[in-house]
Amino acid sequence: MTTGTPAYFSAFENLAMTRTDSGVLTVRFHTDGGPATFTGRMHTDFPRALYEIGDDRDNRVLLLTGTGDRFMTDIDGAGLGDITRPANWDRTIGEGRRVMQRPVDLEMPVIAAVNGPVRVHSEYALLSDIVVAADTTVFSDFPHLTFGIVPGDGVHIAWEEALGLKRARYLTLTQGSFTAEQAERWGAVAEVLPLDEVLARAQELAEQLAAKPQLLTRYLAVTLRQHVSRRMAEGTVLGMALEGLTAADLAHQRK
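Asker: Is there a simple way to explain the overall build of the chain in this structure?
Answerer: Check the secondary structure of the chain and you find 10 helices and 10 strands. For the chain, the spread of C-alpha atoms along the principal axes amounts to about 60 × 40 × 35 Å. Taken across its 255 residues, the chain has 51% of its residues classed as buried. Residue pairs in contact within the chain that sit at least 24 positions apart in sequence constitute 72% of those at least 6 positions apart. Carbon together with sulfur atoms contributes 53% to the accessible area of the chain, which is approximately 11,700 Å² in total. The centroid of the 25 positive side-chain charges in the chain is displaced by 5 Å from the centroid of its 33 negative side-chain charges.

Asker: What is the right way to look at unusual backbone geometry in this model?
Answerer: In terms of backbone geometry, most residues other than glycine have negative phi values and most peptide bonds are trans. The residue Asp32 is not glycine, and still its phi comes out positive at about 55°. A residue is classified by how much of its surface remains accessible, and Asp32, at 78% relative accessible area, is exposed. Here the phi dihedral of Gln175 falls at roughly 50°; this positive angle occurs in a residue that is not glycine. Here Gln175 lies in the loop between helix H6 (165-173) and strand E9 (177-179).

Asker: Help me out: how do you make sense of the sheet that holds strand E7 (residues 130-134) in this one?
Answerer: Adjacent strands of a sheet form backbone hydrogen bonds with each other and so pair up, either parallel or antiparallel. In space, the 6 strands of this open sheet follow the order E1-E2-E4-E6-E7-E10, with mixed pairing throughout. Edge strands, defined here as strands with exactly one partner in the open sheet, are strand E1 (15-19) and strand E10 (191-193). Direction aside, neighbouring strands of the sheet carry axes that sit 20° apart on average.

Rules of the game
Residues numbered from 1 in each chain as written. Predicted model: local features only at pLDDT ≥ 70, side-chain atom pairs only at ≥ 80, totals over all residues. Heavy atoms only, no water. Helix = DSSP H or I, 4+ residues; strand = E, 2+ residues; numbered from the N terminus. Buried < 20%, exposed > 50% of the residue type's maximum accessible area, 1.4 Å probe, protein only. Contact = heavy atoms within 4.5 Å. Areas by Shrake-Rupley, 256 points an atom, 1.4 Å probe, with all protein chains shown as cover. Lys, Arg positive; Asp, Glu negative; His and termini not counted. Charge placed at Lys NZ, Arg CZ, Asp CG, Glu CD. Pairing = 2+ DSSP bridges. Axes fitted to C-alpha atoms, helices over the stretch in contact; angles between N-to-C directions.

Take a look at the structure:
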């Protein structure tokens, strides 16, 4: 390990980063130190952070978590800009594709410590190699159908991979939700624990992986994610184009 704290650790206002001597990097989503509200800034920053994380060989395992009693439940829709404008959507597509592709292409294991409900970007957790969830966790996709746009930004792929095709279609079309216990039965979550045990258990698993030879864990991650990496590369292009089309239609619906 190199000494000193990398500059990118403090470069993103909604991402708190700490790293153990063994190379376990914890990234905690937050807003002003409390539970995270998803914003346009976070949409821009998270893919940039993932690039820095992946480029730093001192990071041996990535651990994602939220703050307090929820992973991520709120969204600042206005902060995303006017999604009906093509120029704004062009930026959204660029960031959205990177934020989906980079996690599945990271050359390190990724563990999610899901500390309660996640209604916004549940795919950030579900795409992880190992998901440890609090028994208070409920997964859902609040923004897309609520705003009236197609969920084509990668959540559709993450849900299919984690839950199975038919179940993912049903829950998407009905804007349904599922608990951590259901997700465990369906194979999307590895362990369900009381909230106060989730982070410690995820850290324990991360340290076990960090203790293994780095080339082994790096290329285990690459090997195990080949399928989902291909799916993301293929599926987010059309998915986000159709999401943008439905977003553009919102302006005409208001007339």
